[in-house]
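Summary of the model geometry
These are the residues of each chain, in order.
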Amino acid sequence: MSAGHLAVIDMQHVFADPASPWAALRYADAAAGVRSLLPAFTGRVTFTRFVAPEHPTGAWRAYYERWPFARRPPDAELWDLDAEFTDVAQHVLDATTFGKWTPQLAARLAPGDRLVLAGVSTDCCVLSTALAAADAGTEVLVVADACAGADDDSHLKALQLMDLYRPLVRVTTVAGLLAGPG
C-alpha cells in the first residue's frame, strides 16, 4: 500500500474569511495541519475548490436562494484558494458539489492508493467526499487536525460519524499519519 494521495478540500477565501457566512471556525488550525502534510505527499496532492454552478438545478436552486452571496462565477475572489496555497497547488479540481470524489479525483489515485483528506468543512465537503470515496471502495483517512468545521461541535460530530465507517474510513491526526504505517 502506498502512502496515498492527499486531497486538500476547499481551502478557499470563502471559508477562511471570518466575515464570510461560510467561515470555518478553526480554518487557521486546519491550514497549519495541511502545511504539515504537504511535504509527505509531494507530487500526490490535489486541491479542490467548491464553486457555484452557473445555473443551479433541483434542490441546489433553494440552496442558492438561501446563500445568494455565493452566486458568483468560478473566477470570483471568494472561490480563490487561500493565498498560502496558491503557489503549491499544482493540481486543482473544481466541483459544484459538496463531495469532491469525482472521476477526475479518482483518476489521480494510483491503483490501491488510499485517499487522505484534509481541509474544510469537516461537516460538509470533507464528509461528503469521504463517504463517496469509501462507497467506491477507496480506503479513506481523514486527518482530524488538518480539518475544520463550521464550528467545533459540527467538526467533532462529523469526525465521529466518519469514524463509524471503519475500516473504510478512519480518522487520524497529522502526527499519527506522518508516524508511519496504519
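For the structure given in this document, a descriptive report is provided here. (Residues numbered from 1 in each chain as written. Predicted model: local features only at pLDDT ≥ 70, side-chain atom pairs only at ≥ 80, totals over all residues. Heavy atoms only, no water.)

1. Section: the nonpolar core
Among the nonpolar cores identified, the biggest contains 37 residues, and L6, M11 and W79 are the most heavily contacted of them. Mapped onto this core, the elements with two or more residues apiece are β1 (5-9), α1 (13-16), α2 (27-37), β2 (45-50), β4 (115-120), β5 (140-148) and α8 (174-178). Ignoring sequence-local partners within four residues, the contact set of M11 consists of Y27, A30, A31, V34, T48, D80, L81, D82, F85, G119 and V120. Within the second largest apolar cluster, 22 residues are counted, among which are V126, A133, V140 and V142. (Core = buried A, V, L, I, M, F, W, Y, C linked by side-chain atoms within 4.5 Å. Buried < 20%, exposed > 50% of the residue type's maximum accessible area, 1.4 Å probe, protein only. Helix = DSSP H or I, 4+ residues; strand = E, 2+ residues; numbered from the N terminus. Contact = heavy atoms within 4.5 Å.)

2. Considering the packing of aromatic side chains
The full count for this structure, using the stated rule, is 16 aromatic pairs. On the basis of an interplanar angle of 10° and a centroid distance of 6.0 Å, the ring pair of F15 and W22 is categorised as stacked. The class of W22 is buried, set by a relative accessible area of 9%. Ring centres 5.8 Å apart and planes at 70° place the aromatic pair F50 and W79 in the edge-to-face group. Placement of the pair is F50 in strand β2 and W79 in the loop between α3 (59-66) and α4 (83-86), with a sequence separation of 29 residues. Accessibility classification places F50 together with W79 in one group, the buried group. Each residue in the set F15, W22, F50, W60, Y63, Y64, W67, F69, W79 and F98 is aromatic and connected to the rest through ring pairs, giving one cluster. (Phe/Tyr/Trp six-rings, centres within 6.5 Å; stacked < 30°, edge-to-face > 60°.)

3. What about the state of the cysteines?
Across all of its chains, the model carries zero disulfides by this definition. Summary of cysteine pairing: C125 is not part of a disulfide, and the nearest cysteine sulfur, belonging to C124, is at 4.0 Å. Note on C125: relative accessible area 4%, which makes it buried. The cysteine C147 is free of any disulfide, with C125 supplying the nearest cysteine sulfur at 11 Å. (Disulfide = S-S within 2.5 Å.)

4. Some points on the layout of surface pockets
Roughly 250 Å³ of internal volume is contained in the largest pocket. The leading source of residues in the lining of the largest pocket is helix α6 (residues 122-135), at three residues. Class assignment of the residues belonging to the lining of the largest pocket gives a composition of 11 nonpolar, one polar and one charged. As a volume, the second largest pocket reaches approximately 190 Å³. L38, T42, G43, R44, V45, F47, V88, A89, Q90 and H91 together form the lining of the second largest pocket. The class makeup of the residues in the lining of the second largest pocket is five nonpolar, four polar and one charged. (1 Å grid on protein atoms, 1.4 Å probe; cavity = no way out; pocket = protein on both sides within 12 Å on 5 of 7 lines; lining within 4 Å. Points joined across faces, edges and corners; volume = space filled by probe spheres on them. Nonpolar A, V, L, I, M, F, W, Y, C, P; charged D, E, K, R; others polar.)

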